[in-house]
Amino acid sequence: VRMRRDALRCWAVLVAVMAPSVAEDFPWTKNNPGSFYYGTFPAGFLWGVGSSAYQTEGAWDRDGKGPSIWDAFSHSQGRVLGNETGDSACDGYYRVKDDIQLLKELKVNHYLLSISWPRIMPTGIKAEQLNEKGIQFYNDTINSLLENNITPIVSLYHWDLPQALQEKYGGWQNISMINYFNDYANLCFEKFGDRVKHWITFSNPWVMAEQGYETGEHAPGLKLGGCGAYKAAHHIIKTHAKVWHSYNSTWRREQRGMVGISLTSAWGEPVDPHSQTDRDAAERYIQFHLGWFANPIYRGDYPEVMKNYVGRKSAQQGLGTSRLPTFSVQEKTYIKGTSDFLGIGHFTTRYVLQKSFPFLQVSSYHTDPDLAELVDPSWPAPGPKWLYSVPWGFRRLLNFIKTQYGNPLIYVTENGVSETMQCSQLCDEWRIQYLKGYINEILKALNDGVNVKGYTAWSLLDKFEWNKGFSERFGLYHIDFKNKNKPRYPKASVDYYKKIISANGFPNPREVESWHRQAMGTCSATHQHLAADSLITHMEMVTEIVLPTVFTLCILISIVLLIFYLRNHS
């Protein structure tokens, strides 16, 4: 162990998967990472898929919609890979009925979607302008889902802040966002709450804060190192609490719905589970990701380890106060308990160990926790470099939540894997293995007593992946973005996930193995269909370009010949 740890501390890559063990400070689940559990989920367990407004809707400036920070960000050169934008995305704004047919094919119980704030409130301020066409669009979408027996789970915010609020107030750096967002949320409760019973205030606020205001990788693209992320998160948490209280006091008795938040976190496993130092580093990793938002909501304040580490680093910088803001006693009481359920997004795992950073005049969120992240090169990574398939980390995370936050009601709101292949890949065996492994770990967590009530595969469609443009594909359905009609094609994972839903789990080895064969068989035929359509699309593109060009050249040549003829006969 000592030799391996020494190598790791010299930044070598971790090669061997360490056997799980039990830490003293919080419960690591005792399980064999390689084992598979055959069984079914409880009756009434909810199965679904999800997406978000900016990634799929398109129609960025149609029917009265105002610009969002992602419209502004993607329209700035160099912000998004290939300078791609979500201007048309999947054309979901015009394809609602088509996409609901896909949901019916999957036989899902629910669909997680987000509402675009600037689509229904163009400037973000209720008193200034409401967009009735935007409101009607979401009314029609919700009604169509319910008519097809699909429950809508609605996120109020998946990163598309109205640009006007960013320009006027600095977005989530400004405390005024609390009241503006609360007005927007109450409008949604008023217009849609008679039919929507599951509300999410914010989807993955960690990315909003850290990549929007710390690294600048996401909209609004600000690099406010050391303070920006903490300040944004502080306002987001207080906004969440205000919205929950608004629903609780004004709408709950009549509408009988629930309001929660969706937090995304990887799992952090200590490199050496017998080392107190590594166990502490692993817990810091979780607390600086999940605990940053969950701890105030479930326990009333930021994690002690965050307060201690950021406070100490701030003092070393000579700052009079911590870069991590504080809640007043009244705010702690107001925020604690403001979640009827916890949405959990989870994609991957990291090994974690202690790493002390030298004193820096300008500290950052990334250096504050004093840790390093490592991966095992044997972990499958079919897509982007950050997303390794490590199913056993999910069970660990769910058990951590159970212990830390009093076993709350959990809905898995995002879980999936992407591919980055340039060619079309409909036979997505890696996604089948990913879904099989991660869903099975939820089943194990249920047997551990974790209170999970639903699962949402991420995502329904290939879509705009933020600063990565269209280079990463998370969808169960492939979209040919080169085709102006944006046709949808089922990948093999559609058939496999449908089988899991129908069986409500994994009944026995023989049946589960047959699902894999059937799924891989169906994708071959679909792939031939896609290839034929792609050829036709290519020919249409060539025709659209070549014919006008040839026609123009013919006219020009005719004019030249005519001039030449006239000169010779003049």
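About the cut-offs
Residues numbered from 1 in each chain as written. Predicted model: local features only at pLDDT ≥ 70, side-chain atom pairs only at ≥ 80, totals over all residues. Heavy atoms only, no water. UniProt positions renumbered as here; feature names shortened; annotations may be inferred. Helix = DSSP H or I, 4+ residues; strand = E, 2+ residues; numbered from the N terminus. Buried < 20%, exposed > 50% of the residue type's maximum accessible area, 1.4 Å probe, protein only. Contact = heavy atoms within 4.5 Å. Areas by Shrake-Rupley, 256 points an atom, 1.4 Å probe, with all protein chains shown as cover. Pairing = 2+ DSSP bridges. Axes fitted to C-alpha atoms, helices over the stretch in contact; angles between N-to-C directions. Expected span 1.5 Å × (residues − 1). Salt bridge = Lys/Arg side-chain N within 4 Å of Asp/Glu carboxyl O.

As annotated in an unreviewed UniProt entry, the protein chain carries the name Cytosolic beta-glucosidase and comes from Zonotrichia albicollis. Taken directly from UniProt, the Sequence similarities (unreviewed entry) text for the protein chain runs: "Belongs to the glycosyl hydrolase 1 family. Klotho subfamily."

Visitor: Explain the overall build of the protein chain to me, please; I cannot follow it from the model alone.
Guide: The secondary structure content of the protein chain amounts to 17 helices and 15 strands. Burial analysis of the protein chain (570 residues in total) assigns 59% to the buried set. Put simply, 77% of the contacts in the protein chain that link residues at least 6 apart link residues at least 24 apart. Just so you have it, the protein chain exposes about 23,200 Å², and 55% of that area is on carbon and sulfur atoms.

Visitor: What's the story with the sheet that holds strand β2 (residues 46-50) in this structure? I'm lost.
Guide: In sheet architecture, strand pairing relies on hydrogen bonds along the backbone and comes in two forms, parallel and antiparallel. Within the closed barrel, the eight strands sit side by side as β2-β3-β4-β5-β6-β8-β11-β12. Their pairing is parallel. Sheet twist, expressed as the average angle between the axes of neighbouring strands with direction ignored, equals 25°. In the sheet, strand β11 (residues 410-414) pairs with strand β12 (residues 452-458) via three bridges, with the strands oriented parallel. Bridging from a neighbouring strand, Y411 pairs with G454 of β12. Sitting on the sheet, helix α16 (residues 492-503) touches β2 and β12, and the angle it makes with β2 is about 155°.

Visitor: What is the right way to look at the environment of Y298 in this model?
Guide: Assignment of secondary structure puts Y298 in helix α11 (residues 276-299). When the C-alpha positions of Y298 and G337 are compared, they lie 5.4 Å apart, and in sequence the two are 39 residues distant. If we ignore the near neighbours within four places in the chain, the residues touching Y298 are K336, S339, F341, L342, Y405 and P408.

Visitor: Sorry if this is basic, but what is going on with helix α15 (residues 429-447) here?
Guide: Because an α-helix packs 3.6 residues into every turn, residues spaced three or four apart end up facing the same way. Over its 19 residues, α15 runs 27 Å from end to end, which matches the ideal 27 Å to within 8%, given 1.5 Å per residue. Taken across its 19 residues, α15 has 16 buried, putting it largely inside the fold. Of the residues one or two after α15, G449 is the one with positive phi, at around 100°.

Visitor: When you look at the pattern of salt bridges in this model, what are you seeing that I'm missing?
Guide: Where charged atoms of side chains with opposite charge meet at close range, the side chains can pair. A complete count under the given rule lists 27 salt bridges for this structure. A salt bridge links K307 to E304; its shortest N-O distance comes to 2.9 Å. With a gap of three residues between them, K307 and E304 both fall in helix α12 (residues 304-316), about one helical turn apart. Here D370 ties to R312 by a salt bridge, and the two come within 4.0 Å at their closest N and O atoms. Residue D370 is found in the loop between β9 (349-354) and β10 (371-374), and its partner R312 is found in helix α12; the two are separated by 58 residues along the sequence. Its relative accessible area of 7% is what places D370 among the buried residues. Given the relative accessible area of 37%, R312 is considered partly exposed. One connected set of salt bridges, linked through shared partners, spans E419, D428, R431, D462, R473 and K491.

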